[in-house]
Amino acid sequence: MSSRYNHREVEPKWRERWAAAGIDRALSPDEAKGKKKAYVLEMFPYPSGRIHVGHSRNYAMGDVIARFRRSNGYNVLHPMGWDAFGLPAENAAMERGIHPKGWTYDNIAAMREQLKLLGLAIDWSREIATCDPEYYKHQQAMFLAFWKKGLVYRKKQKVNWDPVDNTVLANEQVVDGRGWRSGAPVETRELEQWMFKVTAYAEDLLAALEKLDKWPDKVRLMQTNWIGKSQGARFRFEISDRGPSGPQGASEDARSIEVFTTRPDTLFGASFVALAPDHPITKRIAETNAAVADFIAKAGQLGTSEADIEKAEKFGVDLGLRVKHPFDESWELPVWAANFVLSSYGTGAIFGSPAGDQRDLDFANKYKLPFKPVVLPPGADPATHAITTEAYAEDGVIYNSRFLDGLSTKDAIARAIEELVKLGKGEATTQWRLRDWGVSRQRYWGCPIPAIHCAKCGVAPVPEKDLPVALPNDVKFDKPGNPLAHHPTWKHVDCPQCGGKAERETDTLDTFVDSSWYFARFTDPDNEAAPFDKKLAGYWLPVDQYVGGVEHAVLHLLYARFFTRAMRDCGFLDGPADGEPFRSLFTQGMVVHETYRRAPRPLQADYVERKGDRLVEKGTGFAAEKADGPQPYRVSPVWLLPEEIENRDGTLYEKGSLFQIETGAVEKMSKSKKNVVDLDAFVQDFGADVARWFVLSDSPPERDVEWTASGVKGAWNFVQRVWTLVEAHGRPAPKPGEAAPQAANEGEALALRQLAHRAIQSVTDDIESFRFNVAVARGYELVNAIAKLKGDGEGAVFARGEALRILTQLISPFMPHLAEECWETLGGEGFVATAPWPAADPALAARTTVTLPIQVNGKKRAEIEAPKGAAEADVRELALQHAAVKPFLEGVTVRKVIVVPDRIVNIVAN
RNA sequence: GCGAGCGUGGCGAAACCGGUAGACGCAGCGGACUUAAAAUCCGUUCGCCGCAAGGCGGUGCGGGUUCGACUCCCGCCGCUCGCACCA
């Protein structure tokens, strides 16, 4: 009698047994004895509320690796924690009056229970949350150590300022140059900010990328570009004319303007010098020049993000200054301020050489600044080559450039620098795009920066004995700005140096700081005296396999690499010696889903009623709003959850209504678009194994996977099919290595055994190289083959039992609950989760013959079976004599026969 | 705008080092079982021509390298991610 597989009973049962046996606990170095260690880590989540199936993919991938390593005899560390500080908690506080702490810990509790439903092999005894004072206490201690080491300093930095809310805005809070809540145009302000000196490690962060050979090339390339080492020249333009009236121009000390360029070879094509809006000279001129002040204000409204600045229309203002060309005292250039010059890169000043740079060209054309081309593209005629709206930024031969004429770009760069040095006006330099890391945030829900400001003594570190500087709980979010700064008592302290009245720093740390060392804390999560024990961190680090989204390719990963080096150099960490926290990195794709929207529909005024402060449609209660069309109102277009939709005859309707649904784009699962499938409900309906199998099955792991009902069905069918086969077999499976009866090594039984042993090889390989979707396909193939082998003879029973046992083991990292139930039914000992990974019998897995396609002029004409490793000459003869090939060789001459052993034969004839 | 990646049947995809394009899953079609449905099982499914054998075309588009290109190179088009205060 076969029974359906009941995941609702089976899954919790095994989770309880695993927990009781403590199989997921990482062993201490002493306990582990001879075992090799494997530290498997997924990027820890922000506790945003509830987990949807989209989150599960990341953890499922890490879990497959963790379980696979354990089966292969490793001592595995697979922990979980919470990136618990951040803006959404404060937004919840402002919108709904909930305290960030309560909101965060409630979310953590809910999400922990949800995550546990997935049956992940996680050592929950090591759970951490970055908002725990026990965690951030150590972060503050490290901050102080970095400070002492010279890796922390203070500097003025630009921020987005909302003039209505009187608050600093994050870039994501600036929408089209306006504050997201107030709608007011943002301004740029400068604040004194805490900085981490990432640039101290620029050279090493760049060079070490080469050794990270288990990182995706694209991530290494992105980091390389981000660090942006470039060779060029820094040199000075002397100011010849200080502007229309003396005091209005540059100050007395500013006698020259320093610029950076990677293309000194185009210096004879210079048509202007441009300064950043916040360059000291620009600012000084603005004090007395209204047009320049206007320009600065306008440029400030673009926000501080590089993308916004770059996308904005280029504009500038003539500052009225004139400078001398460094190679010709009599050649004067105008000085402008321009919004596309970044003060944070180089010297905050450039020279514009329009023919060779698109931005410079657009700018010159806009303001009618004259220019000429100086780089001749290969093959172009100097007499006719002209630049109008398309700049030529590539290499070429220099012309129109006096002593540089005729030189290649490369030689001209060297020659120009040589001349600048000779004139004492500049020198060759290395320039980095990488900037130091501004870590100050004017927010409550973050790690307090342990510093004290004293009017007399300046800025002093909080004495280590006074750590942690804990966040006060009694804060109000009733007015904009940082609640820490508004708190009546919290910031008032005595100066640790003079004992006088002083104030605490009210800025908190960027949450990227929290996530820059959590992987090290996991190695020793309960340590009170130190962030972690050096020996334990030395044993576990680096993380052997890190899994996370590619959206973290630059910032998080770069900051963690910096932090690991800084921790090492401040004596917190002995290893890894090269300062690299993550040996192997995998960036996984997202889970995407269709979006559903209630279609907007015009409404007459008498169909609308008021409910509280909302407008709704009479009868349906749907939200309504004022409209511009012929009708005064309309039903608001709102996003709907997948479970609020029903499919009737291929058309989507809102459940229980007559109203059709608009299907929107397939997008990343997100709360805002409501295209989420909640994990609890799904696990209840289909089980965790179905979710895990599905998110790993349909797409290659690095690519996005679309969550679809049909994909779920495939996974569900597979679970049922595996269970049906195991139950129908109804007897213990042969143990690994058990001798097979003769009948199992013949005919169909042998074929199944060969397939099963080949599956071991393939799946092992596929997991090792993150081809989970291919491993899944092998699972389907094996199941299909098992189902095909009929009969109750000795051979069939052995082969089927063996294949089922192998199948159970191969799917166990993916579907641990089902595998455990099958293992028990097949008479396996202990847990399949801790059983050794199966080994393929080489004799069974090996192939003795191969199918070779035969091509004539690259087109396939026939196939032959040949023994593996057959001699080239034999294969060549077989191919030439093949009946299906001969007709194609008639009337032509065979020029060449290419035989690639065991792969292909190609006959070239004409 | 700058940087990076991706693009293969009706759909998700496979093809690992340049060597049979479409494994495997979904959906579809035909059939078996069934009073019926579900479930299950068998067969079939890139397009075009052909009764068939077979032929021709085909991996976003246009070129190139090669005996041979989904794979390498050049140029386009489309989508996705990052751009330093979202995490």
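Residues numbered from 1 in each chain as written. Chains lettered and ligands numbered in written order. Predicted model: local features only at pLDDT ≥ 70, side-chain atom pairs only at ≥ 80, totals over all residues. Heavy atoms only, no water.

Chemist: So what's going on with the overall build of chain A? Which residues, and what values?
Modeler: If you tally the helices and strands in chain A, you get 28 helices and 42 strands. C-alpha extents for chain A along the principal axes are approximately 105 × 85 × 75 Å. Across the 910 residues in chain A, those meeting the buried criterion constitute 51%. Partitioning the contacts of chain A with sequence separation of at least 6, the portion at a separation of at least 24 is 72%. For chain A, the accessible area works out to roughly 40,700 Å², and carbon and sulfur atoms hold 51% of it. If you average the places of the 114 positive and of the 124 negative side-chain charges in chain A, the two averages end up 0 Å apart. (Helix = DSSP H or I, 4+ residues; strand = E, 2+ residues; numbered from the N terminus. Buried < 20%, exposed > 50% of the residue type's maximum accessible area, 1.4 Å probe, protein only. Contact = heavy atoms within 4.5 Å. Areas by Shrake-Rupley, 256 points an atom, 1.4 Å probe, with all protein chains shown as cover. Lys, Arg positive; Asp, Glu negative; His and termini not counted. Charge placed at Lys NZ, Arg CZ, Asp CG, Glu CD.)

Chemist: Give me the sheet that holds strand β2 (residues 75-77): which residues, what numbers.
Modeler: On the basis of which strands lie adjacent, the open sheet formed by four strands has the order β2-β1-β26-β27 and parallel pairing. With one partner strand each, in any of the chains shown, β2 and β27 (585-588) form the two edges of the open sheet. Taken pair by pair, the neighbouring strands of this sheet meet at an average axis angle of 20°, ignoring direction. Judged from the three bridges that link them, strand β1 (residues 37-42) and β2 form a sheet pairing that is parallel. The residue bridging Ala 38 from the neighbouring strand is Val 76, located in β2. (Pairing = 2+ DSSP bridges. Axes fitted to C-alpha atoms, helices over the stretch in contact; angles between N-to-C directions.)

Chemist: Got a sec to walk through the packing of aromatic side chains? Specific residues and values, please.
Modeler: Each aromatic ring pair is characterised by the separation of its centres together with the angle its planes make. Counted by the stated rule, this structure contains 56 aromatic pairs. Ring geometry for Phe 85 versus Trp 445: centroids 4.9 Å apart, planes at 80°, classification edge-to-face. Of this pair, Phe 85 sits in the loop between β3 (81-82) and α4 (87-96) while Trp 445 sits in the loop between β20 (440-441) and β21 (451-454), and the two are 360 residues apart along the sequence. Owing to a relative accessible area of 1%, Phe 85 belongs among the buried residues under this scheme. By relative accessible area, which is 4% here, Trp 445 ends up buried. Summarising the aromatic geometry, the rings of Phe 295 and Phe 315 are spaced 5.7 Å apart at their centres and angled 80° between planes, so their arrangement reads as edge-to-face. Residue Phe 295 is located in helix α10 (residues 290-300), and its partner Phe 315 is located in the loop between α11 (306-311) and β13 (316-325); the two are separated by 20 residues in the primary sequence. Judged by relative accessible area, Phe 295 falls into the buried class, the value being 4%. Connected via pairs of aromatic rings, a cluster forms that spans Phe 143, Phe 146, Trp 147, Trp 194, Phe 196, Tyr 201, Trp 437, Phe 512, Tyr 559, Phe 562 and Phe 563. (Phe/Tyr/Trp six-rings, centres within 6.5 Å; stacked < 30°, edge-to-face > 60°.)

Chemist: If you had to explain the sheet that holds strand β9 (residues 187-196) to someone new, which residues and values would you point to?
Modeler: Spatially, β6-β5-β9-β19 is the arrangement adopted by the four strands of the open sheet, whose pairing is antiparallel. A strand with exactly one partner marks an edge of an open sheet, and here the two such strands are β6 (167-169) and β19 (437-438). Strand direction decides the pairing type here: β9 and β19, joined by two bridges, are antiparallel. The residue bridging Met 195 from the neighbouring strand is Gly 438, located in β19. Packing of helix α6 (residues 133-148) onto the sheet brings it into contact with β5 (152-162) and β9, and relative to β9 it is tilted by some 85°.

Chemist: Would you mind going over the pairing of strand β28 (residues 591-598) in detail, with residue names and values included?
Modeler: Regular strands show a simple pattern: their side chains alternate between the two faces of the sheet. Here β28 lies mainly inside the structure; six of its eight residues are buried. Here two bridges tie β28 to strand β38 (residues 705-706), and the two strands are oriented parallel to one another. Pairing of Val 592 across the sheet is with Glu 706, part of β38. The pairing of β28 with strand β37 (residues 661-668) spans six bridges and is classified as antiparallel. Bridging across to β37, Glu 594 finds its partner in Val 666. Of the pairings in the sheet, the one linking β28 to strand β34 (residues 639-640) comprises two bridges and is antiparallel in character.

Chemist: Go over the protein's contact with RNA strand B with me, naming the residues and quoting the values.
Modeler: In the vicinity of RNA strand B, 66 residues are found, and the nearest of them are Asp 83, Asn 171, Asp 698, Ser 710 and Asn 906. Within 4 Å of the protein, the atoms of RNA strand B are drawn from sugar and phosphate moieties in a proportion of 63%. Take Glu 172: an N or O atom from its main chain is 3.1 Å from a phosphate oxygen of RNA strand B. A distance of 2.6 Å separates a sugar or linking oxygen of RNA strand B from a polar atom in the backbone of Asp 698. (Near = heavy atom within 4 Å. Polar contact = N/O pair within 3.5 Å; in protein donor to acceptor, adjacent residues only side chain to side chain.)

Chemist: Please set out the pattern of salt bridges residue by residue, giving values where relevant.
Modeler: Counted according to the given criterion, the structure contains 44 salt bridges. For Glu 768, the salt bridge is made with Arg 69, and the minimal N-O distance between the two is 2.8 Å. One end of the pair, Glu 768, is in helix α22 (residues 747-768); the other, Arg 69, is in helix α3 (residues 53-71), with 699 residues separating them in the sequence. What makes Arg 69 buried here is its relative accessible area of 18%. Across the salt bridge formed by Asp 792 and Arg 731, the nearest N and O atoms sit 3.0 Å from each other. (Salt bridge = Lys/Arg side-chain N within 4 Å of Asp/Glu carboxyl O.)

Chemist: Which residues make up the side chain of Lys 37, and what values go with them?
Modeler: Relative to the elements of secondary structure, Lys 37 occurs in strand β1. Here the side chain of Lys 37 touches Trp 540 through a polar contact of 2.5 Å, landing on its backbone oxygen. Of note is the side chain of Lys 37, whose polar atom sits 2.8 Å from the backbone oxygen of Pro 542. Every residue in contact with Lys 37, bar those within four places of it in the chain, is listed here: Tyr 74, Asn 75, Tyr 539, Trp 540, Leu 541, Pro 542 and Asp 544.

Chemist: Talk me through the pairing of β1; I want residue IDs and the actual numbers.
Modeler: Burial runs high along β1: six of the six residues are buried. What you see with β1 is no split at all: Lys 37, Tyr 39 and Leu 41 on one side and Ala 38, Val 40 and Glu 42 on the other are buried throughout. Taken together, β1, α3 and β2 constitute a β-α-β crossover, and its handedness is right-handed. The pairing of β1 with strand β26 (residues 545-549) spans three bridges and is classified as parallel. (Right-handed = clockwise from strand over helix to strand, strands pointing away.)

Chemist: Residue-level account of helix α19 (residues 679-686), with values.
Modeler: Buried within α19 we find Leu 679, Phe 682 and Val 683. One side of α19 carries all its buried residues, which in axial view fall inside an arc of 100°. Where α19 terminates, the next one or two residues include Gly 687, which has phi positive at roughly 100°. (Arc of directions from axis to C-beta.)

Chemist: Could you give me a rundown of the confidence of the model for chain A, with the residues and numbers involved?
Modeler: Per-residue pLDDT for chain A averages 89, and the proportion of residues at 70 or more is 98%. The low-confidence segment residues 245-252, where pLDDT is below 50, has 13 contacts with residues more than four positions distant or belonging to other chains. (pLDDT = per-residue confidence, 0-100.)

Chemist: Got a sec to walk through the environment of Val 40? Specific residues and values, please.
Modeler: When you line up the elements, Val 40 lands in strand β1. The exposure class assigned to Val 40 is buried, which follows from its relative accessible area of 1%. For Val 40 and Gly 629, which are 589 residues apart along the polypeptide, the C-alpha to C-alpha distance reads 57 Å.

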